[in-house]
Amino acid sequence: MGEKIVSTEIDLSSVMAFELPMFQSLRRLQQAGEVHAKRLTRFGGLTPMQLMILQVLAGEARLTASDLSGRVSLTAATLSGMLDRLEERGLLHRQRDDQDRRRQWLLLSDAGRELVQQAPSLLPPEFRQRFAALADWERHSLTAALLRAAELCGEME
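Residues numbered from 1 in each chain as written. Predicted model: local features only at pLDDT ≥ 70, side-chain atom pairs only at ≥ 80, totals over all residues. Heavy atoms only, no water.

Draft legend 1. Quick peek at the nonpolar core. Formed by 22 residues in total, the largest nonpolar core has its most connected members in Ile53, Leu54, Leu57 and Leu68. Of all the secondary structure elements, the ones that give two or more residues to this core are α2 (48-58), α3 (65-72), α4 (76-88), β2 (104-108) and α5 (110-118). When residues in this core are grouped by element, the largest group, 5 residues, is from α2. Not counting residues up to four positions away in its chain, the partners in contact with Leu54 are Leu46, Leu86, Leu91, Leu92, Leu108, Leu115 and Val116. (Core = buried A, V, L, I, M, F, W, Y, C linked by side-chain atoms within 4.5 Å. Buried < 20%, exposed > 50% of the residue type's maximum accessible area, 1.4 Å probe, protein only. Helix = DSSP H or I, 4+ residues; strand = E, 2+ residues; numbered from the N terminus. Contact = heavy atoms within 4.5 Å.)

Encoded structure:
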């Protein structure tokens, strides 16, 4: 009996047909994100990433920086600088753990909680309206596709 040889090479020619439309779509998303980021910065002088950090903290009683890093897809080094700026503005504070002094908890301050409650959405209003009008299965499908596309991009910054 002859053995069947399976090629481990990727057929890049089949991928090439998707390259231009994929790049164009990613670029449109990036442009829309940049325009909305400028709108968000006008609100309270926060970047979208800073607002996302505050929103994640608002949903938790407390988090460590390493837990938060994974939730917001930032490296520890990048997150550290953002946390310093948010703490300087009085929007969050750090608290040492009583049992393990090496561990620090991140807690949203009252001012941070108030800011989160007043903050606009991280997504542009037009997108939110159109997304809400989609069927439930389509919202799930689109979300899954975007999560998968982000996964294909590789590791976080």
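Once the structure has been displayed, the description carries forward.
Draft legend 2. Structural detail: the pattern of salt bridges. Enumeration according to the criterion identifies 6 salt bridges in this entry. Two residues, Glu126 and Arg39, come together in a salt bridge whose shortest N-O distance is 3.9 Å. Taken together, the residues Glu126 in helix α6 (residues 125-133) and Arg39 in helix α1 (residues 12-42) connect sequence positions 87 residues apart. Overall, Glu126 belongs to the partly exposed group, its relative accessible area being 35%. Ionic pairing is found between Arg148 and Glu151, a salt bridge with its closest N-O pair at 2.5 Å. Here Arg148 and its partner Glu151 are both found in helix α7 (residues 136-152), 3 residues apart, which amounts to about one turn of the helix. The class for Arg148 is partly exposed, based on a relative accessible area of 46%. (Salt bridge = Lys/Arg side-chain N within 4 Å of Asp/Glu carboxyl O.)

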